[in-house]
Amino acid sequence: MKELNVLIVGAGIAGLTFAQLIKRRGAKFKIIEKEDKSTFNRSGYMLGLLPLGGRVMNELDMQTEYFAQSTEMSTYEIHNEKGDLNKAFSLDFINQQYGSYRGIERKKLIRILSQNIEGEIRYGTTVTAIEESGDLVQVTSSANKTEKFDLVIAADGIHSGTREMRWKKEEYCYEDTNWGGWVGWLEKTTMNAYKEYWGASSFMGLYPVKSKVGIFIGGPNELLKKLGLIRFVTSIKKEILPEYKLLHHALDALMSLKKPFYWEFHDCRTKTWRKRKVLLLGDAACAFLPTAGVGASMAMDSAAALADELSRTDKAHLEYGLDLYIKRQKERVEKAQEDSRKLGKLMFVKSNLIAGIRDYAIRFYSIKEMAKNISKIMDG
Ligand SMILES: Cc1cc2nc3c(=O)[nH]c(=O)nc-3n(C[C@H](O)[C@H](O)[C@H](O)COP(=O)(O)OP(=O)(O)OC[C@H]3O[C@@H](n4cnc5c(N)ncnc54)[C@H](O)[C@@H]3O)c2cc1C
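Here's the deal with the site of the ligand
Then comes step 1: Around the ligand, a shell composed of 30 residues is seen, among which A14, E33, Y45, R106 and D283 lie nearest.
Then comes step 2: At 3.2 Å from an oxygen atom of the ligand is found a main-chain nitrogen or oxygen belonging to G295.
Then comes step 3: Calculation on the ligand without its partners gives an accessible area of 1,000 Å², and the protein chains cover 87% of this total.
Then comes step 4: Of all the secondary structure elements, the ones that give two or more residues to the shell around the ligand are α1 (13–24), β3 (46–49) and α10 (295–311).
Then comes step 5: The element that contributes the greatest number of residues to the shell around the ligand is α10, accounting for four residues.
Then comes step 6: Classifying every residue of the shell around the ligand gives 14 nonpolar, ten polar and six charged.

Next comes the structure, spelled out in structure tokens:
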């Protein structure tokens, strides 16, 4: 790996994890990040990290810091839209059998993963052209710099500009739920249960991280865009029983957001992950809905699998190494994506009748049944 010179596009979870892993193996790399340094990693949301992703922090010797900045989750609760508990799943089997299942702010995870490689990140830069040049890839950036690399890793997220540049439109496909919503924070609150509130045409979630709780509220795009945040939350609050004070506080916090950002929930799948020596990684290859809380874990798992395959590949057989990685990882990632899509179909329901049937049926499900593929992936 010491002979490799790699360009990583995107300083997100996949790109930074991969950079840290190949740094330890002696490869040379540069990272290009679209955001300016002043705006990079400013805003953000909460992440639930399964041990699938979290265990990569062990290899990076970052586990102590990761644990200090996050909190272990012990329960996953599904409530109805009034706030009553419908079903509680213990997460202890994950913590005991596979590793700690933790909640962390994306911002904090990015900060940990950037340590000691900040100097290699070129902020406020994008790729403007990519061409093959013999055995190398020639890349021109928005800084008007043209350089050659052995390998380009496109880790630039769900709307990957690199993919747009090198892949035809018919080679990747977005799938839209037509739902979306807003994210906010309830400060100074400690919890170790994920609490979701599934309604008809509404969805809420409380997702703890260290010392605070991420709040999500969502619904069908057309309804939410028509009502706006305040009117939608006000209508939801009317349904919630007064005794569920935490939920009322959370919704009040959402209503006081100064610049609410609206997330639209779609995902994306790409037929081929590689074009010669340009490889898609993380959401750029296969993006996730947040429903199963597994996109970041898979991005880290993929970064680790890629670094592992490359560590056994010499420069002359780089493309063979990339193919071995794709064989090892593509089906695994797409299976996890199937679970997040299935959960999306359960959560994002408009009709009261279907919501009622769903709420009754989930009482008979175990968490392993609700996320069958992810469960199998964790088993190896
Ligand atoms: C609201 C929400 C909640 C979520 N909750 C969870 C959860 O609980 N658990 C979980 O596992 N996953 C969750 N996810 C999904 C998870 O965030 C993603 O799957 C994960 O971040 C993917 O990592 P990535 O590195 O591929 O992409 P990203 O983390 O999106 O990083 C991409 C990086 O590339 C940069 N970039 C973009 N375009 C360019 C360009 N043209 N040139 C250079 N740089 C560029 C971006 O600025 C960014 O820094 C959630 C997502 C959302 C939206």
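Quick word on the sheet that holds strand β14 (residues 193–198)
Then comes step 1: Within the open sheet, the eight strands sit side by side as β6-β5-β14-β15-β16-β13-β17-β20. Their pairing is mixed. Each edge of the sheet is formed by a strand with only one pairing partner; in this case those strands are β6 (85–90) and β20 (286–287).
Then comes step 2: As judged from the eight bridges shared by strand β13 (residues 172–186) and strand β16 (residues 212–220), these two strands associate in the antiparallel manner. Bridge pairing in β16 places G184 opposite I215.
Then comes step 3: Packed onto the sheet, helix α8 (residues 221–239) meets β13, β15 (203–209), β16 and β17 (262–270) and runs at close to 130° relative to β16.
Then comes step 4: Contacts from helix α9 (residues 245–255) reach β13, β14, β15 and β16, with the element oriented near 105° to β13.

Here's the deal with the sheet that holds strand β11 (residues 146–149)
Then comes step 1: With antiparallel pairing, three strands are arranged side by side in an open sheet as β9-β10-β11. The open sheet has two edge strands with one neighbour each: β9 (127–133) and β11. On average, each strand axis in the sheet is tilted by 25° relative to the strand beside it, whichever way the strands run.
Then comes step 2: Sheet topology note: the β9/strand β10 (residues 136–141) ladder contains six bridges and is antiparallel. The partner of A129 across the bridge, within β10, is T140.

Some remarks on the pairing of β17
Looking along a regular strand, one sees the side chains alternate between the two faces of the sheet.
Then comes step 1: Alignment of β13 against β17, held across nine bridges, turns out to be antiparallel. Each residue of the ladder has a partner; that of Y174, found in β17, is C268.
Then comes step 2: Pairing geometry for β17 and β20, over two bridges, is antiparallel. In the strand pairing of β20, C268 is matched with A287.

Analysis parameters
Residues numbered from 1 in each chain as written. Predicted model: local features only at pLDDT ≥ 70, side-chain atom pairs only at ≥ 80, totals over all residues. Heavy atoms only, no water. Near = heavy atom within 4 Å. Polar contact = N/O pair within 3.5 Å; in protein donor to acceptor, adjacent residues only side chain to side chain. Areas by Shrake-Rupley, 256 points an atom, 1.4 Å probe, with all protein chains shown as cover. Helix = DSSP H or I, 4+ residues; strand = E, 2+ residues; numbered from the N terminus. Nonpolar A, V, L, I, M, F, W, Y, C, P; charged D, E, K, R; others polar. Pairing = 2+ DSSP bridges. Contact = heavy atoms within 4.5 Å. Axes fitted to C-alpha atoms, helices over the stretch in contact; angles between N-to-C directions.

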